[in-house]
Amino acid sequence: MEPTQPNVNNLSSPSLEISMPMEYHKVVPPPPKSTLEKLKNRFKETFFPDDPLRQFKGQSLKRKWILGAQYFFPILQWGPNYSLKLFKSDIVSGLTIASLAIPQGISYAKLANLPPIIGLYSSFVPPLVYAVFGSSRDLAVGPVSIASLILGSMLRQEVSPTKEPLLFVQLAFTSTFFAGLVQASLGILRLGFIIDFLSKATLIGFMAGAAIIVSLQQLKSLLGIVHFTKQMGLVPVLSSIFHTTHEWSWQTIVMGFCFLLLLLVARHVSLKKPKLFWVSAGAPLASVILSTLLVFAFKAQNHGISVIGKLQEGVNPPSWNVLTFHGSHLGLVMKTGLITGIISLTEGIAVGRTFAALRNYQVDGNKEMIAMGLMNIVGSCTSCYVTTGAFSRSAVNHNAGAKTAVSNIVMAVTVVVTLLFLMPLFRYTPNVVLGAIIITAVIGLIDIPSAFLIWKIDKFDFLVLICAFLGVIFISVQDGLCIAVGMSLFKILLQITRPKTVVLGNIPGTDIYRNLHHYKEAKRIPGFLILSVEAPINFVNSNYLNERMSRWLEEYEVEEGVEKHSDLQFVILDMTAVSAIDTSGVSLIKDLKKTMMKRGLELVLVNPVGEVMEKLQKANQAQDIMPPDYLFLTVGEAVASLSSMMKGKASI
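Cut-offs used in this document
Residues numbered from 1 in each chain as written. Predicted model: local features only at pLDDT ≥ 70, side-chain atom pairs only at ≥ 80, totals over all residues. Heavy atoms only, no water. Salt bridge = Lys/Arg side-chain N within 4 Å of Asp/Glu carboxyl O. Helix = DSSP H or I, 4+ residues; strand = E, 2+ residues; numbered from the N terminus. Buried < 20%, exposed > 50% of the residue type's maximum accessible area, 1.4 Å probe, protein only. Expected span 1.5 Å × (residues − 1). Contact = heavy atoms within 4.5 Å. Pairing = 2+ DSSP bridges. pLDDT = per-residue confidence, 0-100. Core = buried A, V, L, I, M, F, W, Y, C linked by side-chain atoms within 4.5 Å. Phe/Tyr/Trp six-rings, centres within 6.5 Å; stacked < 30°, edge-to-face > 60°. Lys NZ or Arg CZ within 6 Å of the ring centre and 35° of its normal.

Q: I'd like a description of the pattern of salt bridges, backed by residues and values.
A: Enumeration according to the criterion identifies ten salt bridges in this entry. For the salt bridge of Glu 614 with Lys 618, the shortest nitrogen-to-oxygen distance reads 3.9 Å. With Glu 614 and Lys 618 both in helix α25 (residues 610-618), this residue pair falls four residues apart, about one helical turn. Judged by relative accessible area, Glu 614 falls into the buried class, the value being 18%. What you see here is one network of salt bridges that share partners, running through Lys 38, Glu 614 and Lys 618.

Q: Describe helix α13 (residues 250-272), with residues and values.
A: The end-to-end C-alpha distance of α13 is 33 Å, a good match for the 33 Å that 23 residues give at a rise of 1.5 Å each. By the burial criterion, the buried members of α13 are Thr 252, Met 255, Gly 256, Phe 259, Leu 260, Leu 263, Ala 266 and Ser 270. Looking at the packing, one finds that the buried side of α13 touches α11 (219-223), α14 (277-298) and α19 (431-443).

Q: Quick rundown of the pairing of strand β3 (residues 501-506)? Include the residues and the values.
A: Of all six residues that make up β3, six are buried, and the element is covered over most of its length. Burial along β3 is two-sided: Thr 501, Val 503 and Gly 505 facing one way and Val 502, Leu 504 and Asn 506 facing the other are all buried. Relative to strand β5 (residues 528-533), β3 is paired through three bridges, and the arrangement is antiparallel. Residue pairing across strands places Thr 501 opposite Val 533, the latter belonging to β5. Examined bridge by bridge, β3 and strand β4 (residues 513-515) share three bridges and lie antiparallel to one another. Counterpart to Gly 505 in the pairing with β4 is Arg 514.

Q: Lay out the confidence of the model for the chain in plain terms, naming residues and giving numbers.
A: In this model, the chain carries a mean pLDDT of 86, and residues with pLDDT of at least 70 account for 94%. Low pLDDT (under 50) marks residues 1-20, which in the prediction has 21 contacts with non-local residues, meaning those over four places away or in another chain.

Q: Lay out α14 with the relevant residues and their values.
A: Spanning 22 residues, α14 covers 32 Å between terminal C-alpha atoms, matching the ideal 32 Å at 1.5 Å per step. Of the positions making up α14, those classed as buried are Phe 277, Ala 281, Ala 283, Pro 284, Ser 287, Val 288, Ser 291, Thr 292 and Val 295. Summarising the contacts, the buried residues of α14 are in contact with α5 (84-111), α13, α17 (391-399) and α19.

Q: I'd like a rundown of the side chain of Thr 404, residues and numbers included.
A: If you trace the backbone, Thr 404 turns up in the loop between α17 and α18 (406-422). Given a relative accessible area of 7%, Thr 404 falls into the buried group. For Thr 404, the contacting residues outside a window of four places in its chain are Trp 78, Tyr 82, Asp 90 and Arg 137.

Q: Describe the nonpolar core, and please don't skip the residues or the numbers.
A: By size, the foremost hydrophobic cluster in this structure holds 117 residues, and its most contacted members are Leu 114 and Phe 206. In contact with Phe 206, other than residues within four places in its own chain, are Ile 146, Ile 150, Ile 343, Ala 468, Val 472, Val 477 and Leu 481. Ile 507, Tyr 556, Leu 573 and Ile 581 belong to the second-largest nonpolar core, a separate cluster that totals 35 residues.

Q: Residue-level account of the pairing of strand β7 (residues 602-606), with values.
A: The buried count for β7 comes to four of five residues, which makes it a mostly enclosed element. Across five bridges, strand β6 (residues 570-574) lies against β7 in parallel orientation. Each bridged residue has a counterpart across the sheet, and for Leu 573 the counterpart in β7 is Leu 605. With two bridges connecting them, β7 and strand β8 (residues 631-632) associate as parallel partners. Each bridged residue has a counterpart across the sheet, and for Leu 605 the counterpart in β8 is Leu 631.

Q: Give a detailed account of the packing of aromatic side chains, specifying residues and quantitative values.
A: Enumeration over the complete set of coordinates arrives at eleven aromatic pairs. Each ring, one from Tyr 71 and one from Phe 72, has its centre 5.3 Å from the other, and the planes form 90°; the classification is edge-to-face. Tyr 71 sits in the buried class, given a relative accessible area of 17%. Judged by its relative accessible area of 52%, Phe 72 is exposed. Ring plane angle 70° and centroid distance 5.2 Å describe the contact between Phe 177 and Phe 325, whose orientation is recorded as edge-to-face. Of this pair, Phe 177 sits in helix α9 (residues 165-188) while Phe 325 sits in the loop between α14 and α15 (330-358), placing them 148 residues apart in sequence. Counting every residue linked through ring pairs, the aromatic cluster contains Phe 177, Phe 178 and Phe 325. In this arrangement the basic side chain of Arg 137 is found over the ring face of Tyr 361, its NZ or CZ atom lying 4.1 Å from the centre. Against the face of Trp 552 rests Arg 548, its NZ or CZ located 3.8 Å from the ring centre.

Rendered as structure tokens:
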């Protein structure tokens with residue numbers, strides 16, 4: 001004969017649904033730890049979440065020295081096992097990215113208002129440094145558009161690159177030094193979490209705005225304008241374009257838009273068919289060669305098309321003697337270094353992690369910070385400006401089959417050969433083609449699908465994105481970034497100061513309790529008001545939580561469909577999601593306990609976890625916060641036990 005199953009449909013409480021007595025579990029405090037142990041654990045989780053010392057455990061002294069050297073010099077990890085087969089892949093990818101890096105380096109230097117040769121210098125020394133200290137196999141290092149734009153625009157606010165070119169270059173090198181110092185310090189001090197304040201929404205809006213500003217700036221080259229605005233905002237740039245129509249050169253316009261179309265078609269082909277990556281990778285260099293030949297053949301420099309002119313031959317000259325650490329511009333270079341350092345670091349690490357995920361290996365964020373910091377510090381002493389891992393070059397490097405950082409070394413060697421022997425060939429390269437190369441490169445920074453996805457997921461994040469975008473194009477690059485970061489911090493403060501609290505109800509037939517407004521089948525339990533706090537409780541939100549709890553009680557009293565207030569006996573506070581509490585939070589629990597007693601109610605705590613339980617226990621000397629009879633592990637156990645208590649009292 002089969003056992004009779006209880007009819008759960010007619011039961012209103014889990015305590016009545018189960019004929020067998022429920023087993024109750026005791027809430028226990030965490031294992032006792034000394035204050036020193038707690039500080040040690042907190043310090044470790046804050047600054048060493050990756051536990052870098054675990055690889056040294058159980059190793060011999062010799063092995064520890066080897067592991068230590070490999071940790072600080074990642075090249076020693078893969079270097080001993082490097083083979084000719086790997087080199088064949090790396091030399092192909094290195095030559096491929098060099099064909100992209102050379103024209104981009106010249107173009108980005110002009111974007112930063114620096115001599116074009118400095119862009120090539122910056123594609124030689126930093127990649128060599130990164131190959132030794134970097135942990136990414138795919139990252140291709142060199143100048144990038146956003147850092148170039150920020151560096152040039154910030155320095156130009158106080159120093160003219162045309163009237164004081166030498167001072168401008170000195171400040172650019174000094175800013176690069178400070179950028180590297182900031183990056184290396186973040187890595188050494190393991191403060192990489194600071195760059196997390198640049199949220200994805202902030203970066204997408206910022207990059208899109210910067211891409212538009214960069215593109216509009218290139219209209220100077222594409223239209224052949226001589227007298228162009230020094231400002232970066234959308235309105236001044238457009239005003240300058242239409243107020244100088246008499247300077248427009250039809251020869252420049254024809255050449256510029258023809259090569260721009262060629263570059264865009266090449267980019268489109270590579271996007272549609274990734275195996276044809278070499279089309280977009282080689283298009284910039286091909287455009288430079290072809291346009292240079294055209295200018296030379298037709299003497300176009302005599303017909304309104306401006307050219308780069310003679311470039312200095314030879315490798316990077318030392319520049320440590322021109323770094324400026326005093327004077328009236330010190331604050332400017334420190335601020336410029338800080339902003340460009342953080343932005344380029346964020347971009348480089350994001351690119352490195354993207355390609356590491358595709359090839360299933362790990363990129364150490366702190367090593368990357370140190371590597372990028374060192375390459376910018378060394379670069380500032382060897383006539384280079386701010387460099388990082390560029391997405392376009394890294395994508396080409398990845399698609400070309402790069403296996404290790406040797407591809408950066410191959411690129412650097414190719415650049416140095418260019419510096420030594422090929423510089424005269426760039427004399428007739430037209431500026432208009434460099435502008436077309438920049439526009440093609442920055443178009444990829446406008447990520448409309450991601451912006452649309454953010455709109456669908458989180459409207460506030462989309463507002464942050466729009467603020468970053470509008471701030472960049474209408475105010476300035478740095479102000480737009482600051483506005484977006486400020487709004488992101490405001491969002492975090494809102495979440496901390498106004499934590500979510502919900503009323504829970506029972507899902508019939510189970511001992512599961514969920515949000516009444518989310519799960520429509522969830523039912524209230526007569527005699528109980530079950531609340532859940534879904535955030536840490538601290539000094540910034542304790543007053544709000546006190547007011548919100550009181551409002552929940554008032555709403556319970558007047559809500560339709562609920563019996564009179566006299567039926568309410570217990571207020572259950574589910575603390576499962578409360579990960580931390582401070583002294584203000586403990587005082588809140590005490591105040592709630594007193595408030596409930598005045599109303600003739602009992603406050604019941606459910607599952608205070610970890611340090612929350614420990615702090616409440618220390619404050620519970622008089623058993624006035626957590627009486628053992630009103631402390632439970634789950635809401636289901638609390639309701640079952642207290643329902644039995646109510647039933648027992650009713651039968652007396």
